[in-house]
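Next come the chains, spelled out residue by residue.
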Amino acid sequence: MKKNTEKDLIDRIRAFQRSDKSNKKCADCIEIGPTYICLTFSTFVCTTCCGLHREFSHKIKGISVSKWTPEEIDEIERGGNAKAAEKYLARWDARDFAEPDSSDPSRCREFIRMKYVDKRWCERDGNEGSRSRRDEPRRDEPRRDEPRRDE
């Protein structure tokens, strides 16, 4: 059975953070050693990015200064920076928009907006309104709204 004292819950967060290299760096910039968690996306973020996430009304908690519930920790352990990157940076290319430095909050804000709000690089699936190739007409067939050539 998992222990649920405040110290035990924080220890679980720290253990999860140490278990994956990506959790040792801010999910949204190049800062090392994030001390906050964005509960909206279950990611570890730095002080600069935590303030920016709050601007977007994303839920933020400080790792060592907040009260945690076992359910919140379970959710964090199902997420993490790598999982979030798989989804929100699936089509991202650093040449398109390099990961920002926390010393440039406006660039961090823009990156967070594009990543989570605009979902610019988000994975494509049927739920996001993207059409699959089989939905597109073949090149040798007229589009449904065009008259056929032999008519």
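Residues numbered from 1 in each chain as written. Predicted model: local features only at pLDDT ≥ 70, side-chain atom pairs only at ≥ 80, totals over all residues. Heavy atoms only, no water.

This part is about the confidence of the model for the chain. Close inspection of predicted coordinates is inappropriate for parts of the model with low pLDDT. Averaged over the chain, the pLDDT score is 86; the fraction of residues at 70 or greater is 80%. Across residues 126–151, confidence stays below pLDDT 50; counting only partners more than four residues off in sequence or on other chains, it has ten contacts. (pLDDT = per-residue confidence, 0-100. Contact = heavy atoms within 4.5 Å.)

Attention shifts here to the pattern of salt bridges. For the structure shown, the criterion picks out ten salt bridges. When the shortest N-O distance is used, the salt bridge between Asp11 and Lys7 registers 2.7 Å. Placement of the pair is Asp11 and Lys7 together in helix H1 (residues 6–19), with a separation of four residues, close to one helical turn. Asp11 sits in the partly exposed class, given a relative accessible area of 34%. A single network of salt bridges, built from pairs that share partners, joins Arg12, Asp74 and Glu77. (Salt bridge = Lys/Arg side-chain N within 4 Å of Asp/Glu carboxyl O. Helix = DSSP H or I, 4+ residues; strand = E, 2+ residues; numbered from the N terminus. Buried < 20%, exposed > 50% of the residue type's maximum accessible area, 1.4 Å probe, protein only.)

The subject of this paragraph is the packing of helix H2 (residues 47–55) against helix H5 (residues 105–117). Where H2 meets H5, the closest approach of the two axes is 10 Å, and the angle between their N-to-C directions is 55°. Regarding the angle of H2 to H5, the classification is oblique. Pair H2 / H5 crosses with right-handed handedness. Contact with H2, carried on its side by Thr48, Cys49, Leu52, His53 and Glu55, involves Pro105, Cys108, Arg109, Ile112 and Tyr116 of H5 and no other residues of that element. Across the contact of H2 with H5, the residue classes tally to six nonpolar, two polar and two charged. (Axes fitted to C-alpha atoms, helices over the stretch in contact; angles between N-to-C directions. Parallel < 35°, antiparallel > 145°, perpendicular 65-115°, else oblique. Left-handed = near helix turned anticlockwise from the far one by under 90°. Nonpolar A, V, L, I, M, F, W, Y, C, P; charged D, E, K, R; others polar.)

As a further point, take the sheet that holds strand E2 (residues 43–45). Read across the sheet, three strands follow the order E2-E1-E3 without closing on themselves; strand pairing throughout is antiparallel. Across the chains shown, the open sheet's two edge strands, defined by having one partner strand only, are E2 and strand E3 (60–62). Mean inter-strand twist for the sheet, computed between neighbouring axes without regard to direction, equals 30°. Where strand E1 (residues 36–38) meets E2, three bridges bridge the pair, whose relative direction is antiparallel. The partner of Ile37 across the bridge, within E2, is Phe44. Sitting on the sheet, H2 is in contact with E1, E2 and E3, with an inclination near 115° to E2. (Pairing = 2+ DSSP bridges.)

Counted under the stated rule, the structure contains eight aromatic pairs. Each ring, one from Trp92 and one from Phe111, has its centre 6.2 Å from the other, and the planes form 75°; the classification is edge-to-face. Placement of the pair is Trp92 in the loop between helix H4 (81–88) and H5 and Phe111 in helix H5, with a sequence separation of 19 residues. For Trp92, a relative accessible area of 24% gives the class partly exposed. Judged by relative accessible area, which is 0%, Phe111 ranks as buried. What links up through ring pairs into an aromatic cluster is the set Trp92, Phe97, Phe111 and Trp121. The ring centre of Trp68 lies 4.9 Å from the NZ or CZ of Lys61, which sits over that ring. (Phe/Tyr/Trp six-rings, centres within 6.5 Å; stacked < 30°, edge-to-face > 60°. Lys NZ or Arg CZ within 6 Å of the ring centre and 35° of its normal.)

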